[in-house]
Amino acid sequence: MVLVSVLTGCAVARTGTAPVAGGALPSPAAPGRDSLHITVVYPAVTDIIQAYDSAFLFGSVRGGSGGPVHLGINGQSVPVLPNGAWIAWLPLPEDTVARFLIAATGGGPDSSRFVYTARIAPQFRPPSRRPVWIDTTSFTPAGTVALPVGRGYP
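Here's a quick rundown of the structure. Since the model is a prediction, treat every value here as computed from it, not as a measurement. The residue numbers shown here count from 1 along each chain, following its written sequence. A pLDDT threshold of at least 70 governs which residues receive local features in this predicted model, and a stricter bar of 80 or more applies before side-chain atom pairs are shown or counted, although totals over entire chains, interfaces and linings include all residues. Side-chain measures were taken over the full set of non-hydrogen atoms in the model, leaving aside hydrogen atoms and water.

### Let's talk about the sheet that holds strand E9 (residues 111–120)
Strand pairing within a sheet occurs via backbone hydrogen bonds; the two strands may be parallel or antiparallel.
For step 1, the next point in the chain: Any two strands between which DSSP finds at least two bridges are classified as paired. Comment: elements are numbered from the N terminus, with helices defined as DSSP H or I runs of at least four residues and strands as E runs of at least two. Strand order in the open sheet formed by 5 strands is E3-E9-E8-E5-E6, with mixed pairing between adjacent strands. Edge positions in the sheet fall to strand E3 (48–49) and strand E6 (76–78), since each has one partner strand and no second.
For step 2, the next point in the chain: Two elements, strand E5 (residues 70–73) and E6, share 3 bridges in a ladder whose sense is antiparallel. Its bridge partner being in E6, Leu71 is matched across the sheet by Val78.

So, in structure tokens, the structure goes:
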């Protein structure tokens, strides 16, 4: 007998445990009954953002004392829906790493904050001091190709 198991998925919630300098992962404290817990769904710490100027981040905030939750990312206020869901459109740095300071506060002493790190695909930069260049990796055949009959082509 053979037992086969297949697991698939998408948009899995990920907590704020992005890699930090040196490759070590922070060990987040387990959320208490009344503490706020911020989850980032996208981008995952393994994702590479393909945008260059701005991108979406989305996730949820859970816990707290039931009052309104205020969320900020890099100082920008982000609306939080009654179910805790949030989505933010944020500028990206001209770098291959983006760091987002995510902070949430709720009614009373409830708060949570951490730095979330995301990777950005390197941007193509033309060679310096060259007004014209040929990017050989960008050639894509277009249209139809007609070869002369009887020149050794089948």
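### Brief notes about the environment of Asn74
For step 1, the next point in the chain: Locating Asn74 in the fold gives a position in the loop between E5 and E6.
For step 2, the next point in the chain: Sequence separation between Asn74 and Pro91 is 17 residues; the distance between their C-alpha atoms is 9.8 Å.
For step 3, the next point in the chain: What Asn74 contacts, discounting residues up to four positions off in sequence, is Arg99, Phe100 and Leu101.
For step 4, the next point in the chain: A distance of 3.4 Å separates a polar atom in the side chain of Asn74 from the backbone oxygen of Arg99.
For step 5, the next point in the chain: N or O atoms within 3.5 Å of each other form a polar contact, as long as, within protein, one can give a hydrogen and the other can take it, and as long as residues adjacent in sequence are counted only when both atoms are side-chain atoms. At 2.6 Å, the side chain of Asn74 and the backbone nitrogen of Leu101 are in polar contact. The criterion used for residue contact is that any of the two residues' heavy atoms lie within 4.5 Å.

### Section: the environment of Phe56
For step 1, the next point in the chain: Tracing the backbone through its elements, the reader meets Phe56 in strand E4 (residues 54–63).
For step 2, the next point in the chain: With residues up to four places along the chain from it excluded, the contact list for Phe56 reads Tyr42, Pro43, Ile87, Ala88 and Trp89.

### Brief notes about the nonpolar core
For step 1, the next point in the chain: Core analysis: the biggest nonpolar cluster contains 22 residues, and Ile38, Leu71, Ile73, Trp86, Phe100 and Ile102 have the highest contact counts within it.
For step 2, the next point in the chain: At the level of elements, strand E2 (36–42), E4, E5, strand E7 (85–91), strand E8 (97–105) and E9 are the ones that each hand at least two residues to this core.
For step 3, the next point in the chain: Discounting chain neighbours no more than four positions away, the residues touching Phe100 are Leu57, Ile73, Asn74, Leu90, Pro91, Leu92, Phe114, Val115, Tyr116 and Ala118. What we call a nonpolar core is a set of buried Ala, Val, Leu, Ile, Met, Phe, Trp, Tyr and Cys residues that are connected through their side-chain atoms within 4.5 Å. Using a 1.4 Å probe on the protein chains alone, a residue whose accessible area is under 20% of its type maximum counts as buried, one over 50% counts as exposed, and one in between counts as partly exposed.

### Things to note about the packing of aromatic side chains
For step 1, the next point in the chain: Between rings of Phe, Tyr and Trp, where Trp is taken as its six-membered ring, a pair exists when centres lie within 6.5 Å; planes separated by under 30 degrees are stacked, by over 60 edge-to-face, and by other angles tilted. Scanning all chains against the criterion turns up 3 aromatic pairs.
For step 2, the next point in the chain: With centroids separated by 5.9 Å and ring planes inclined at 25 degrees, the aromatic side chains of Tyr42 and Phe58 adopt a geometry described as stacked. Note that Tyr42 is positioned in strand E2 and Phe58 in strand E4, a separation of 16 residues in sequence.
For step 3, the next point in the chain: Residue classification places Tyr42 among the partly exposed positions, given a relative accessible area of 30%.

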